[in-house]
Amino acid sequence: MIITANIAGAGLGGLASALALSKIGVRVSVFEQALALTEVGAGIQLSSNAMHVARWLGIDDQVIRVGFEPETALIRDYRTGKRYMNAPLTDMCQRRYGAPYIHIHRADLLMILTEAAVKAGVVIETGADVQGYDASRDRAAFLLGEGLSADADLLIGADGLGSKVREQMLGAEAPEFTGQVAWRGLIPAHILPDGLVAPGATVWAGPGRHFVTYYVRGGDLVNIVAVEERADWRDESWTHPGDPAALRTVFDGWHPDVTTLIDHLDQCFLWALFGRKPLPTWSDGPVALLGDACHPMLPFMAQGAAMAFEDAFVLAKCVEANPSLTSALQRYEDLRKPRATKIQAKARANADLFHMNGLRAKASLHAASLLPARTALAPLDWIYGFDPTQQPTGAGWRSVT
Ligand SMILES: Cc1cc2nc3c(=O)[nH]c(=O)nc-3n(C[C@H](O)[C@H](O)[C@H](O)COP(=O)(O)OP(=O)(O)OC[C@H]3O[C@@H](n4cnc5c(N)ncnc54)[C@H](O)[C@@H]3O)c2cc1C
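The shown structure was predicted, so the numbers you read here are calculated from the model rather than taken from an experiment.

(A) View of the site of the ligand. Taken together, 30 residues surround the ligand, and among them G13, E32, R106, D292 and A305 come closest. A distance of 2.9 Å separates a nitrogen atom of the ligand from a polar atom in the backbone of V130. Tallied by class, the residues present in the shell around the ligand amount to 13 nonpolar, 10 polar and 7 charged.

Here it is, written out as structure tokens:
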């Protein structure tokens, strides 16, 4: 059994894995490059599969308390407003999957994870830039610059898309621009006309772009994510402040519910969406990757953080159940990679569906509109209905995708 673990990155994946490892008795330190723990002002969806992990981590009550439980999942036509899908989310998730589906402000989720981790004894060092690792000695260590290092039995790279831990493990390779950018913003619900935003997760689908709305903070704020296809991204940084007036132009001619919402937006951010092909391996001796560091994905299934939560649980349980660290990390990769890879592909495929690319996408939307509401989510059972906390993680069990 390992005694100590160091984690690079205090994002949602790093903190969830810190909490998970501390729950099985590992002493954990987290090294975060930023000077303070902050999250972009935007929302995040935690589907039932992630909420099972939240329950095991002991944070689900808080997440539910400060989040928002959507009643329905809607897909609507960008111009006419026609409903292609209108599935009863609250009912389906609780009854069918055994855990709720929650929308939450990212800063609130980060705060809940940070407080729980600190309470569990996790040490978080900010302003600590992990530049690489040394796994050649008896105990592996993160290299922190200026000759400083931090050793532990287990090292985890949860340092996101541009992971330096991944770079050392597999070589320098820039992530690929996916041809999509996302605008994100929050609007106080009280300034919006009554009934403008449905109490659900709504995707407005249209040619070459889509627009997502949902409530966070108990319904006080409306989160918007607006995605647009672009040929390239020349900016060096992946994110910068966006101009609501420019966003309004991009969605000109869309349904008045969408344009009215944009008219109420004061501030937004623009993100370029990058991805990577599945990696050949997720570990090197006692060093493992987790979350966006090993499987970044388009947000079109809202599963990136959910996958990091699943990783966190499975990694901790593999460490607990497998006698050697090498076999534990191999087991973790064997269990997680097929599912994460399949969801990466599904998220990419949703770009075509939401952007009405081709006859197949239009036929799928039409077919979805004919399904009874109660069965509309059934094709996603393998994602939302998966409860990682009920799966064995010791040797001899095969991955469920
Ligand atoms: C528009 C958009 C909407 C999304 N919506 C959803 C959603 O609804 N549901 C969902 O599940 N997912 C969603 N996602 C995906 C989700 O945000 C990510 O998958 C998730 O945040 C990944 O967490 P992470 O901890 O792996 O990486 P990150 O959140 O990127 O965290 C990495 C951390 O590592 C730190 N770091 C980086 N380099 C170093 C270093 N060298 N040394 C030390 N620290 C370092 C960073 O500062 C950061 O704190 C969305 C993503 C986008 C872009």
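(B) Structural context of the sheet that holds strand β13 (residues 201-206). What the 8 strands build is an open sheet, ordered β5-β4-β13-β14-β15-β12-β17-β16; its pairing is mixed. With one partner strand each, in any of the chains shown, β5 (83-88) and β16 (239-242) form the two edges of the open sheet. Taken over all neighbouring pairs, the strand axes of this sheet differ in orientation by 20 degrees on average, direction set aside. Across 5 bridges, the pairing between strand β4 (residues 72-77) and β5 is antiparallel. When the bridges of β5 are listed, R76 appears paired with R83.

(C) Structural context of the sheet that holds strand β1 (residues 4-8). Taken together, 6 strands build an open sheet; the order of strands is β7-β2-β1-β11-β19-β18 and the sheet is mixed. Each of the sheet's edge strands pairs with one partner strand only, and the pair in question is β7 (123-125) and β18 (283-284). Here 4 bridges tie β1 to strand β11 (residues 154-157), and the two strands are oriented parallel to one another. Paired with N6 across the two strands is L155, which belongs to β11. In the packing of helix α1 (residues 12-23) onto the sheet, the strands contacted are β1, β2 (27-31), β7 and β11, and the crossing angle to β1 comes to about 175 degrees.

(D) Spatial organisation of the pattern of salt bridges. Inspection of the entire model under this criterion finds 19 salt bridges. Here R137 and D134 are joined by a salt bridge, their closest N and O atoms 3.4 Å apart. Owing to a relative accessible area of 61%, R137 belongs among the exposed residues under this scheme. Linking D311 and R336 is a salt bridge whose minimum nitrogen-to-oxygen distance equals 2.6 Å. Of the two residues, D311 sits in helix α9 (residues 304-321) while R336 sits in helix α10 (residues 325-354), which places them 25 residues apart along the sequence. For the pair D311 and R336, one class covers both residues: buried. Via salt bridges that share partners, E310, D311, R336 and R339 belong to a single interconnected network.

(E) Summary view of the packing of α1 against α9. Viewed as axis vectors pointing N to C, α1 and α9 meet at an angle of 25 degrees, and their least axial separation amounts to 8 Å. In terms of axis orientation, α1 runs roughly parallel to α9. Along this stretch, α1 crosses α9, giving a crossing that reads as right-handed. Of the residues in α9, those in contact with L12, G13, A16, S17, A20 and L21 of α1 are A305, A308, F309, A312 and A316. Of the residues belonging to the contact of α1 with α9, the class tally is 9 nonpolar, 2 polar and no charged.

(F) Quick peek at the environment of A182. If you trace the backbone, A182 turns up in strand β12 (residues 176-188). A182 sits 43 residues away from V225 along the chain, and the two C-alpha atoms are 6.3 Å apart. Every residue in contact with A182, bar those within four places of it in the chain, is listed here: V225, A226, V227, F269, L270, W271 and L273.

(G) Fine view of the layout of surface pockets. As a volume, the second largest pocket reaches approximately 180 Å³. Contributing to the lining of the second largest pocket are R166, L170, E173, A174, P175, E176, G275, R276, K277, P278, L279 and P280. A breakdown of the residues in the lining of the second largest pocket according to their chemical character gives 6 nonpolar, 1 polar and 5 charged.

Here is what the cut-offs are and how they apply
- Residues numbered from 1 in each chain as written.
- Predicted model: local features only at pLDDT ≥ 70, side-chain atom pairs only at ≥ 80, totals over all residues.
- Heavy atoms only, no water.
- Near = heavy atom within 4 Å.
- Polar contact = N/O pair within 3.5 Å; in protein donor to acceptor, adjacent residues only side chain to side chain.
- Nonpolar A, V, L, I, M, F, W, Y, C, P; charged D, E, K, R; others polar.
- Pairing = 2+ DSSP bridges.
- Helix = DSSP H or I, 4+ residues; strand = E, 2+ residues; numbered from the N terminus.
- Axes fitted to C-alpha atoms, helices over the stretch in contact; angles between N-to-C directions.
- Contact = heavy atoms within 4.5 Å.
- Salt bridge = Lys/Arg side-chain N within 4 Å of Asp/Glu carboxyl O.
- Buried < 20%, exposed > 50% of the residue type's maximum accessible area, 1.4 Å probe, protein only.
- Parallel < 35°, antiparallel > 145°, perpendicular 65-115°, else oblique.
- Left-handed = near helix turned anticlockwise from the far one by under 90°.
- 1 Å grid on protein atoms, 1.4 Å probe; cavity = no way out; pocket = protein on both sides within 12 Å on 5 of 7 lines; lining within 4 Å.
- Points joined across faces, edges and corners; volume = space filled by probe spheres on them.

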